[in-house]
Amino acid sequence: MPSFQSLMAELSEQHIAREVGAPHDNARMRYAPKRNSVGSYAEFGDEIGGYCAYHYGACVSKGATLERYQAVGLAREIIEQQYRRRGGNIMTAYRNARYGLDGGLRAVLDAICEGLKAQAIEKYVTDVFDRHIPPDSYEDRLAVITQFLQHCGAFLGPTVDVNHPEHYAGAGQYRELIDAYLESLQRTAAAIRRI
Amino acid sequence: MAIPTFRVGRVTTALVLGQGETSQATVTTVMARARQRSGRRRILLRGAARFGTGATQLIEETVLHLVDQVARHLALRPQAFDLSVVHAGTGLAPDQSLGLGGPSADAAVTMAMLSGITKIPLSDDVAIIGHVASPDGDITPWPDMGMALDAVLRTPDIRTLVCPSLDGDIPNAVLLPEERERAEAAMASARSRLQVVQVSDLAQLLRAVLSDETIVLGSLRSGFFNLGSAPNLIGDPIGDAARVLCEGNNTRFGRCLQAHLFAGRVAEARELLRLRVEHQLRVKQYPKVLGQQLASLIQSVPPSAWTEGSVPALLSADDCLKLSRLIAVDDLEDLSRLVRLTKARAVPVWQRTADETRQPVPADASAALDLIMEQLDAEHLSRETGQAIDEARAAFVMDRVTVGSAEELYSTVAAFYLFVLRRMGLVAGGENPEDVADEAVALLERAFRSSGGVRAAVAECLVPARGGVRHVLDELTEQLKAERQEMRVSRILKTAVDPLDPEARRAFMVALLDRLKPLLPPEMLTGPPERFVAETETILRTVARSLDETRRVFRRL
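Residues numbered from 1 in each chain as written. Chains lettered and ligands numbered in written order. Predicted model: local features only at pLDDT ≥ 70, side-chain atom pairs only at ≥ 80, totals over all residues.

Enquirer: Whenever I open this one, the overall build of chain A confuses me. Can you help?
Expert: A count of helices and strands for chain A gives eight helices and zero strands. Reading the secondary structure of chain A in the N-to-C direction produces α-α-α-α-α-α-α-α. Burial analysis of chain A (195 residues in total) assigns 40% to the buried set. Residue pairs in contact within chain A that sit at least 24 positions apart in sequence constitute 62% of those at least 6 positions apart. (Helix = DSSP H or I, 4+ residues; strand = E, 2+ residues; numbered from the N terminus. Buried ≥ 20, exposed ≤ 12 C-beta atoms within 10 Å, placed from the backbone. Contact = placed C-beta atoms within 7 Å.)

Rendered as structure tokens:
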């Protein structure tokens, strides 16, 4: 079983950014759309699908491609999610791309990149927890989670009960910790850098 | 996925062979080799290619006429063509011929012949089907189109399908209802797997199939690079097609060169420049301001793109010497910039030039208010001040999002800033890039003022946590947009309000209060409007902002 130190090392913000985030950022940085606006909704579909297929091939499937309908579908799903967080939806993204507003098509492609990156980080963090938290011993699980909460509890937000690690030590019950940790990554990133 | 291959005179298409129930469609490659005219026959079929009944006439009278017309507009000599078809993999017996005469092949044959004569390479992952229905280049569906679409769909490695449009009245006239239904069903399947572009004439076909790079390569090799726009071509369908090939080639050339340099493809950039020089020597014309364009382009390339650590020589001394024989006195300075490109370094020069034109303010207060509100509209402001910056950010690509040192980040930021200014047309020539670099670093400081300053930006790029250089450039973009927008808003308000005398200011405030009357509490409207005059600017900004926010909410719904 890997050590608690290795759990923390693999969950560190810098490690995640370097190992998981950087390939996504590099892929986005290399991609330039022909124009920063689209002429129609059909063209919007082609552009987001084209980018999503490229990004997916570059960072997720490492070469294997998506069918066009899969790529467009995935892109729409991610855009919908990302824009909903900002109080918009896919039509906001389309209008922005159509009229070159709020960053135009560039910002829409950025949203797809951020969505795919967030998915990758989530999968990575889940895998790190799964590998470090023993599946077959409640005592061992409790020990790791107790250490984790002592170490990171302050960053995890008010929904996590740091004083009762046993709440999270049941089989598969540490999902809440993963979600809280993912949120804290976003929240504390800027602050940590300023220190 | 296979990497597409680009070749001159070769087009992937679907041929429908046979008739009636025994007919079948197969995907193959049509090839057209252009050659000097000799004898009367201008079309010769080679290999397995065969014309169907009446097809010779169709190709010679319609397709060849079309190709000749486009060639004439491009000042190219009419040529003869050898047509053939790739037979392998079609599922036919070796002695079976492939008919090039059916309507399915018209558009592909036209495109192959145009490619042959213009030397524009075509990608083999694009399939073209369609019937050329008139000497003006109208492209229409034909009864077996659904079968051809199905064949394309069965073929791996095709990423784009260019086919006749099924919109409008023409498909109804040429297709039976069941034929149209089959074509529409096949088109719907195709859309889920491929990028489908529907076209109805030759100009649209060319736009769908050709990229900037392929047009530039073809035009440089064939000699129509410098033809430029020809107003007499507007409205003429074949002229429209020719304009796709000959208009804006200098801009296309710049974009292609930029793409190669940004991606670190120095050899490709050199080859493009070599072709350009060859072309200029052939037409005996010095390429006006090429040196200036290249100098500013090179300065705006991110440092990380120069993989050898320095800006390599992009032009051979021999080519430069040959170009020097074409210069006029006015071109001397430009030539000196080209000479610098023959060595492994570049000394670009920069200078800000004035921009922006001013609109007079109407005398009438209500009209003035309308004009101001229109100018303060967020979409209007975004179009006026933000779009060019966003376009520039979208086009600025880099290979990685980390830097090795703070100095490398400053150079990258300076390159980006210069790139944006160049795209916005705000730099032309000059001698001191350091001034602009200082501005760029100051912009970086402002962009990160509330999030740790330049130190945080450097840290982010050394050890990325939020996207590294990508994040920094995005922040710079937003800062630059916000600053330019603020400058524009201030100018609009200052131009509109400052010059007004007290009476005019009062009239202006009356007009504004009148506009806001239904929204304001009554006690606000009873007092004299003069009490608000000092705050005119604040009120206008607030009203514009709230209107934008309201519009934004409604658009989401």
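Still more to cover.
Enquirer: Honestly, the overall build of chain B in this entry has me stumped. Any pointers?
Expert: Scanning chain B from terminus to terminus reveals 23 helices and 13 strands. Looking at chain B as a whole, 42% of its 557 residues qualify as buried. Across chain B, every contact between residues at least 6 apart in sequence was considered, and the portion connecting residues at least 24 apart equals 79%.

Enquirer: Please explain the interface of chain B and chain A as it appears in this structure.
Expert: When the parts of a complex come together, some accessible area is lost, and that lost area is often taken as the interface size. With 34 residues of chain B in contact, the opposing surface of chain A contributes 35 residues. The set of elements that each furnish at least two residues to the side of chain B that touches chain A consists of α5 (177-193), α15 (378-395), α18 (453-462), α19 (469-497) and α23 (536-556) of chain B. In the side of chain B that touches chain A, the residues fall into 13 nonpolar, eight polar and 13 charged. (Nonpolar A, V, L, I, M, F, W, Y, C, P; charged D, E, K, R; others polar.)

Enquirer: What am I meant to see in α18 of chain B here?
Expert: Because an α-helix completes one turn every 3.6 residues, residues spaced three or four positions apart along the sequence face the same direction. Considered for burial, the residues of α18 of chain B that qualify are V454, A457, V458, E460 and C461 of chain B. For α18 of chain B, the angular spread of buried residues about the axis comes to 160°, placing them on one side. (Arc of directions from axis to C-beta.)

Enquirer: I would appreciate a short explanation of unusual backbone geometry in the present structure.
Expert: Peptide bonds are, in most cases, trans, and in most cases residues other than glycine have a negative phi. All names here are of chain B. Not every positive phi belongs to a glycine, and K119 is a case in point at roughly 60°. The class of K119 is partly exposed, set by 18 C-beta atoms lying within 10 Å. For K284, which is not glycine, the phi dihedral falls at a positive 55°. Note that K284 resides in the loop between α10 (266-282) and α11 (290-299).

Enquirer: Help me understand the confidence of the model for chain B, please; the structure alone is not making it clear to me.
Expert: Residue and element names in this part refer to chain B. On average, chain B scores 82 in pLDDT, and the residues at 70 or more come to 88%. Here residues 346-359 is modelled with pLDDT under 50, and outside its nearest four sequence neighbours on either side it reaches 31 contacts, counting other chains as well. ipTM for the predicted complex: 0.71, alongside a pTM of 0.66. (pLDDT = per-residue confidence, 0-100.)

Enquirer: So what exactly am I meant to see when it comes to the pairing of strand β3 (residues 24-35) of chain B here?
Expert: Residues in a regular strand project their side chains so that they alternate between the two faces of the sheet. Residues and elements named next belong to chain B. Here β3 lies mainly inside the structure; nine of its twelve residues are buried. With six bridges joining them, β3 and strand β6 (residues 80-85) adopt antiparallel strand pairing. Looking at β6, one finds that A32 is bridged to L83. (Pairing = 2+ DSSP bridges.)

Enquirer: Honestly, the environment of T118 of chain B in this entry has me stumped. Any pointers?
Expert: Residue and element names in this part refer to chain B. Checked against the element boundaries, T118 lands in helix α2 (residues 106-118). Between the C-alpha atom of T118 and that of A71, which follows or precedes it by 47 residues, the distance is 7.8 Å. Filtering out sequence-adjacent residues up to four positions away, T118 remains in contact with L74, L76, G218, S222 and L245.

Enquirer: I'm lost on the packing of helix α3 (residues 145-153) of chain B against α5 of chain B in this one. Help?
Expert: A pair of packed helices is characterised by two quantities: the angle between their axes and the separation of those axes. Residues and elements named next belong to chain B. It is the contact of α3 with α5, at a shortest axis distance of 8 Å, that shows an interaxial angle of 20°. Comparing their axes, α5 and α3 come out roughly parallel. With respect to the hand of their crossing, α3 and α5 are arranged in left-handed fashion. Facing α3, whose interface residues are M145, G146, L149, D150, V152 and L153, α5 presents E179, R182, A183, A186, M187, S189, A190 and R193. For the contact of α3 with α5, a count of residues per class yields eight nonpolar, two polar and four charged. (Axes fitted to C-alpha atoms, helices over the stretch in contact; angles between N-to-C directions. Parallel < 35°, antiparallel > 145°, perpendicular 65-115°, else oblique. Left-handed = near helix turned anticlockwise from the far one by under 90°.)

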